[in-house]
Amino acid sequence: WGEASRCYSACRFYRCKKAGFFMTTATTAPSNILIIIHAPPYGSERCLSALRLALALAGHTQSAENAPRVQVFLMSDAVGLALPNQQDASGKPLQVMVQELAALHVPVLLCRTCVLARGLMDLPLIDGCRIGTLDELAAATIQADKVLTF
């Protein structure tokens, strides 16, 4: 990369004659990142880690047009994360992190089948969360550049 970096110009594309390749330096499409969370909200740190990463990715803006598009899909016991007014031993509820994701326009979807299996369908959800379907998860997976699971 040393020679290529010396060949850099303000152009969108450039070619390093010694290295013999083209590189794109600007106008790259933002990446689509799907985060699937299976872990329960409490009892392990996987759910917390997933939320922290989602917030870091959603807030990572080198420029508005290149900011990654992040989507979160809750499955299995993780659907309990979308229920409001829960508090863990540390005193900072995970609800705050979910609300921060909603404020960053990150969709947070819950697996409908998982919600039904746990009897949570009629309970209120944190603002910004909604029930999703397996078809929506499949579409999000196909569109995603990266899929991360916790």
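How each quantity is defined
- Residues numbered from 1 in each chain as written.
- Predicted model: local features only at pLDDT ≥ 70, side-chain atom pairs only at ≥ 80, totals over all residues.
- Heavy atoms only, no water.
- Buried < 20%, exposed > 50% of the residue type's maximum accessible area, 1.4 Å probe, protein only.
- Helix = DSSP H or I, 4+ residues; strand = E, 2+ residues; numbered from the N terminus.
- Arc of directions from axis to C-beta.
- Contact = heavy atoms within 4.5 Å.
- Axes fitted to C-alpha atoms, helices over the stretch in contact; angles between N-to-C directions.
- Parallel < 35°, antiparallel > 145°, perpendicular 65-115°, else oblique.
- Left-handed = near helix turned anticlockwise from the far one by under 90°.
- Nonpolar A, V, L, I, M, F, W, Y, C, P; charged D, E, K, R; others polar.
- Polar contact = N/O pair within 3.5 Å; in protein donor to acceptor, adjacent residues only side chain to side chain.
- Salt bridge = Lys/Arg side-chain N within 4 Å of Asp/Glu carboxyl O.

Visitor: Got a minute to help me understand helix α3 (residues 94–103) in this structure?
Guide: Within an α-helix, residues lying three or four positions from one another point in the same direction, as the helix has 3.6 residues per turn. Where α3 is concerned, the buried positions are Leu94, Gln95, Met97, Val98 and Leu101. Along the long axis of α3, the arc covered by the buried residues comes to 160°, so they all point the same way. In this structure, the buried residues of α3 make contact with α2 (46–58), β4 (69–74), β5 (108–111) and β6 (129–132). Positive phi shows up at His105, right after α3, with a value of about 65°.

Visitor: Whenever I open this one, the packing of α2 against α3 confuses me. Can you help?
Guide: The description of two helices packed together rests on the angle between their axes and the distance between the axes. Axis separation between α2 and α3 bottoms out at 10 Å; the angle between their running directions is 30°. Looking at the two axes, α2 sits roughly parallel to α3. At the point where α2 passes α3, the crossing takes the left-handed sense. Contacts from Leu48, Leu51, Arg52, Ala54 and Leu55 of α2 reach α3 at Leu94, Met97, Val98, Glu100 and Leu101. Here the contact of α2 with α3 is composed, by residue class, of eight nonpolar, no polar and two charged.

Visitor: What am I meant to see in the side chain of Gln95 here?
Guide: With respect to the secondary-structure elements, Gln95 resides in helix α3. Taking relative accessible area as the criterion, Gln95 reaches 17% and is therefore assigned buried. For Gln95, the side chain forms a polar contact with the main-chain nitrogen of Asn85, separated by 2.6 Å. Excluding its chain neighbours within four sequence positions, the residues that come into contact with Gln95 are Pro84, Asn85, Gln86 and Ile126.

Visitor: For this particular structure, what's the right way to read the pattern of salt bridges?
Guide: Note that side chains of opposite charge can pair when their charged atoms are close. Scanning the entire structure with this criterion turns up two salt bridges. Put simply, Arg118 and Asp77 hold a salt bridge, and the shortest N to O gap is 3.0 Å. Here the residue Arg118 occupies a position in the loop between α4 (112–117) and β6, and Asp77 occupies one in the loop between β4 and α3, the gap between them amounting to 41 residues. For Arg118, a relative accessible area of 36% puts it in the partly exposed group. Residue class for Asp77 comes out partly exposed when judged on its relative accessible area of 41%.

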